[in-house]
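# Secondary and tertiary structure notes
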Amino acid sequence: MLRVTLAALLALPALASAAPPDFDRDVAPILAARCIDCHSGPKPKGKYDVSHKANVDAVELWKRVEAGKMPPKKPLPEAEAKVLKAWVDGGAKWGTDPIDPFRITTATRAGYDWWSLQPVKRPAVPDVANPKLEVRNEIDRFVLAKLSDKGLSPSPPADRRTLIRRVTFDLIGLPPTPEEVEAFVKDDAPDAYEKLVDRLLASPHYGERWARHWLDVVRYGETDGFERNKPRPNAWPYRDWVIRALNADLPYDEFVRLQLAGDVLKPNDADAVRATGFLVAGVHNTVLGNEQMRLIARQDELEDIVGAVGQTFLGLTVNCSRCHDHKFDPISQTDFYRLAAALAGVGFGERAIPNTKATQELAALGKQLDEIKAELAGLEEPVRVAVLKDKGMAMPGAAVPAPVAAWDFRKSADDLVGKLHAKPEGGAKLTADGAVLDGKKGFLRTPVIPFELKAKTLEAWVRLDNLTQRGGGVISIQSPDGVVFDAIVFGEREPGQWMAGSDQFVRTNSFSGPPEPDATKEPVHFAIAYTADGAITGYRNGKLYGKGYASRGLQTFAPGKAVILFGCRHEPLGGNKMLAGTVSVARVYDSALSPEQVAGSFAGGAGFVTEAEIDAKLTAEQKATRADLRKRSAQLTAELDQMRQRAVADKTYANVPGKPAVTRFLVRGDIAQPGEVVAPAALASVSGPKADLGLAPTASDADRRSKLAEWVTAANNPLFARVIVNRVWHYHFGSGLVETPSDFGFNGGRPSHQEMLDWLAAELVARKFSLKAIHRLIVTSATYRQASAPRKAELAADAENRLQWRFRPHRLEGEAVRDAMLAVSGLLNQEVGGKGFSDYKTRDFNGTAYFEPIDPVGPEFHRRSVYRFTPRGANQGLLDAFDCPDPASAAPRRAVTTTPLQALSLWNNGFALRTAEAFASRVAKDADSLDKQVVRAWQLAYQRSPTPDEAKLAAKLATDHGLKALCRALFNSNEFVTVE
């Protein structure tokens, strides 16, 4: 007893002199986990920031903790409180300043040392002694090592019928035919299974099957969503590109690079442009309202795009850091805005698919036409100047090109150049002063334009009835339905000022010009020039109005796809769109006039030189030359128009890039609280490639996305390969090695076999990012080939099969159920690619699209489900019953439910009834007796023959109620919709 007491006494000096806790190791993690979320940043709660040494009174801090005031709702755990007290008592020595909340992983959040952020290091493959399962490749060794550690045993191999059904559904999403099953069962070659796998991987249906999985992940839908939910008729080229890319085994890194930046990496490659459909596959708000709503909607849009990039390729919920630092992962709010800056040029819409041959032909014809126009201008310009001089008008300051359309409403509404004769409507009147517009219903409208307008200039002389009107259009070029337009508009967003009106203000910024002073007293000349790079410049009376700006991109108007209005901003009519005033003269040019040319046009006055006036001053020889040039010009223009129509006939809904604005950090994600400017960059917490992309805040969209694509797909990006091999595993086994395929962060699942995950990731890189190589590795493993029967001991230890002691049965997803019904019934249309089919009736009501499911009949509607039109928010009929997700958001994991509606759908649904009838007809045609018909039905539906009891009961059912009833029952069975 004395010795114990003495030992305790001897220990006292050591305890008394124990060093205080290390700040970085012991204290900073507590403050980071418990305090910093609220007490840091631009607006810390209580104005108390604990992240900086200068702001912290350690004694006062401890008093608040001791009194239970901090944290306010949940006191510090006793152990943490003791560490904090010891630190304060020891002098509160500070360490790294400021505290980096992401430095280390704690019990409540991940740090820079989080497992998924670390480099992928190829682990050694376990050496398994006396394996209880045949080892076919390295996957089996990793699995067996884990099972052995837990004292569990693997399952025996599945029988051949089960295996061919399993792998065929897995790789192509369709059931094997009875003939394929019989051939495989009888093939005793050692590599029979490997040959089967290779055949399936080479099938065009492989791309269809795995494209469906990918489309789930990238939130692919074929309508906009939100209030209007308008269809995207040309979204499908992205879907087809995914199918083709997977079938061709396009290396996964290239597959991703093209989706992020294909249009800038390979601008003349049609498939590279289609691939950028990924960026805009999500929802898009087309109802934007005022400027504030537009800015908020754009931030929401960028959050969706950032979220899609982060979750799809990196398995990180980066979008959660829009309004604050990520609560669980080492991603700062600044990281979010840097990544958003890298994607800030992304725009939603349709674009022409590049056609290299047509582009070259267009360029050659365009050059010829330019030469003819130049020769024609050289002949006409001196005459035009002379005519204007004779009329006493000022000499232009620069030669002005001929407009493609012109109107002098003081004389008529006819086009003085071509055939775009305007028609007054709604009470608009033509007077000696011009077209008088009442601001209520009056306007003029032309037929559709016969030419293409890219770069362009709109100009008009107009006198306003008042300067208080807000939004009337002087001249507008619009799509025939008025959805897309460019216009000269007065006073809409800024009282008394001119602006470039556009659909949803997407190309509209303030010119910052002065308020209009004189337009009620005399006609004012206003012109807007639109350059090919998206710059928009306004001119008043020949001089620059305010300052020009870079818009999100030039709007092109195709031949036959636009009309010109006068007196209305855009159709439909009404509201503040209507102009109160008089338009005397208006012109449209197919080029962006230079400042000198605009000044020249204004100086030339509102007069217009007619064809007759030009003819009168030409010699007979000049007239003949002019007539020949005009004829050749008209022929070439017609050829160009036809060629352009052919060249742009193919369109795709994809990224329509614009000039990205400078990105600012938004305090708490609020557009009203802009902070510092941030440069495009990637995520600092990801080891490997440098997050600093070396870009300025004003970098081009092309530089931003190409650099980001390079960073994401870098071979040393630890998340890139890990995430995709986990996805592949997930779809083969029903659950990933990480159960949350799109979240490898703190709130995601933990890997069941981290070493195997890293080995597979390293293998993907080593195999040059071949996804088919990973598929083959997985499905040829003994692990994949196990039987699915449950065993009591293993179920008790690992009910979720995380250790892979069997192949876990899983129900087919809705599309595979539908496709299997078509295949078994003999109705499946196996056409690959192209525009899909719709089983909806689309109804437009008050500008909103509604989709009502219908049951159309015919081969074009019997294609695979991946080709089915997929609107957001619509009832999907049979597919809904089988948990087909709404494409309004990503679905990296599908829900699997069991409900009475599934049985009812397979029994009474119109599609089920028709396919059952076709199934019965096929069976009756294939076999000449009832007994043989029953066997044939079993082989088609289940890929096996019936047992004697099954055959007996089936024959009775068919005798009593017909073959169709038997076929309905087979479709409605667990065995039909389940893969074992």
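Every chain's residues receive numbers from 1 upward, in the order its sequence appears when written. Reporting in this predicted model follows two pLDDT cut-offs: at least 70 for local features of residues, and 80 or more for side-chain atom pairs to be given and counted; totals over whole chains, interfaces and linings ignore these cut-offs and use all residues. To get the side-chain values, all heavy atoms of the structure are used, and hydrogens and water are removed first.

## A short note on the overall build of the protein
- Summing up its helical and strand segments, the protein has 31 helices and 23 strands in all.
- Overall, the protein is about 120 × 95 × 45 Å in size when its C-alpha atoms are taken along their principal axes.
- A total of 980 residues make up the protein; the buried ones form 53% of that total.
- Only heavy atoms enter the contact rule, under which two residues are in contact if any of them lie within 4.5 Å. Put simply, of all contacts in the protein between residues at least 6 apart along the chain, 70% involve residues at least 24 apart.
- Only the protein chains shown count as cover for residues, and all accessible areas are computed by the Shrake-Rupley method using a 1.4 Å probe. On the protein, roughly 42,100 Å² of surface is accessible, and the fraction owed to carbon and sulfur atoms is 55%.
- Counting 127 positive and 121 negative side-chain charges, the protein places the centres of these two groups 2 Å from one another. Strands are runs of DSSP state E lasting at least two residues, helices are runs of H or I lasting at least four, and both sets are numbered from the N terminus onward. A simple rule labels every residue: compare its accessible area, found with a 1.4 Å probe on the protein chains alone, to the largest value its type can have, and call it buried under 20%, exposed over 50%, or partly exposed in between. Two residue types count as positive, namely Lys and Arg, and two as negative, namely Asp and Glu; His and chain ends fall outside the count. We put the charge of a Lys on NZ, of an Arg on CZ, of an Asp on CG and of a Glu on CD.

## Here's the deal with helix 13 (residues 291-314)
- Each residue after the first adds 1.5 Å to the expected span of a helix. Given a rise of 1.5 Å per residue, 24 residues ought to cover 34 Å, and the 33 Å separating the end C-alpha atoms of helix 13 matches this to within 8%.
- Count one or two residues on from helix 13 and you reach Gly315, which has phi positive near 65°.

## Focus: the sheet that holds strand 6 (residues 443-445)
- If DSSP finds at least two bridges between two strands, the strands pair. The strand order across the open sheet formed by six strands is 3-6-15-8-9-10, and the pairing between neighbours is antiparallel. Strands at the two margins of the open sheet, each flanked by one partner only, are strand 3 (423-425) and strand 10 (498-502). Taken over all neighbouring pairs, the strand axes of this sheet differ in orientation by 20° on average, direction set aside.
- Judged from the six bridges that link them, strand 8 (residues 472-478) and strand 9 (residues 485-490) form a sheet pairing that is antiparallel. Following the sheet pairing, Ser476 is matched in strand 9 by Ala487. An axis is simply a line fitted to the C-alpha atoms; with a helix, the fit covers only the stretch in contact. Between two such axes, the angle follows the N-to-C directions and lies from 0 to 180 degrees.

## Overview of the environment of Thr108
- For Thr108, the location among the structural elements is in the loop between helix 4 (78-89) and helix 5 (138-149).
- Look at Thr108 and you get partly exposed, because its relative accessible area is 27%.
- Sequence spacing of Thr108 and Ala787 is 679 residues, and the spatial spacing of their C-alpha atoms is 40 Å.
- Thr108 has contacts with Ala33, Arg34, Lys327, Phe328 and Phe746, leaving out every residue within four places of it along the chain.

## Digging into a positive patch on the surface
- Surface patches are defined over residues having more than 30% relative accessible area and no salt bridge, joining like charges when they lie within 9 Å and nonpolar side chains (Val, Leu, Ile, Met, Phe, Trp, Tyr) when within 5 Å. When a carboxyl oxygen of Asp or Glu is within 4 Å of a side-chain nitrogen of Lys or Arg, the pair counts as a salt bridge. A cluster of basic residues, Lys43, Lys45, Lys73, Lys327 and Arg668, forms a positive patch on the protein surface.
- Looking at where Lys73 falls in the secondary structure, it is placed in the loop between helix 3 (58-66) and helix 4.

## Focus: the environment of Val857
- Structurally, Val857 is set in the loop between strand 22 (848-853) and helix 25 (878-881).
- The spacing of Val857 and Phe911 is 54 residues in sequence and 8.9 Å in space, taken between C-alpha atoms.

## So, helix 29 (residues 948-961)
- Counted at 1.5 Å a residue, the expected span for helix 29 with its 14 residues is 20 Å, and the 20 Å between its end C-alpha atoms agrees.
- Residues of helix 29 that are buried include every one of Ala954, Ala955 and Ala958, and no others. Summarising the axial view, the buried residues of helix 29 lie within an arc of 105°, below the 170-degree limit, and thus occupy one face. Exposed residues pointing more than 90 degrees away from the buried face of helix 29 are listed as Asp949, Lys952, Leu953, Lys956 and His961.
- Those residues of helix 29 that are buried lie in contact with helix 28 (930-942) and helix 30 (963-971).
- Of the residues trailing helix 29, Gly962 is marked for its positive phi of about 100°. Think of the arc as the fan of directions from the helix axis to the C-beta atoms.

## Topic: unusual backbone geometry
- At the junction of Met70 and Pro71, the peptide bond is cis and its omega measures out at -15° in the coordinates.
- Mapping Pro71 onto the fold places it in the loop between helix 3 and helix 4.
- The peptide bond linking Asp97 to Pro98 adopts the cis configuration, its omega dihedral lying at 0°.
- Among the structural elements, Pro98 can be located in the loop between helix 4 and helix 5.
- Even without glycine at this site, Asn229 takes up a positive phi of about 50°.
- Looking at the secondary structure, you find Asn229 in the loop between helix 9 (204-217) and helix 10 (236-247).

## Structural notes on the confidence of the model for the protein
- This prediction gives the protein a mean pLDDT of 91; 96% of its residues lie at or above 70.
- Considering only residues more than four positions removed or in separate chains, one finds that residues 1-16, a stretch of pLDDT under 50, has zero contacts. Values of pLDDT, ranging from 0 to 100, describe the predictor's confidence in every residue of the model.

## Regarding the side chain of Thr312
- Mapping Thr312 onto the fold places it in helix 13.
- When its relative accessible area of 2% is taken as the criterion, Thr312 is described as buried.
- A polar contact of 2.6 Å, which involves the side chain of Thr312, links it to the backbone oxygen of Ala308.
- Beyond its immediate sequence surroundings of up to four residues, Thr312 is in contact with Trp214, Val217, Val218, Phe278, Gly307, Val723 and Arg727. Whenever a nitrogen or oxygen atom comes within 3.5 Å of another N or O atom, the pair is scored as a polar contact, on the condition that within protein one atom can donate a hydrogen and the other can accept it, and that pairs from neighbouring residues in sequence are kept only if both atoms are in side chains.

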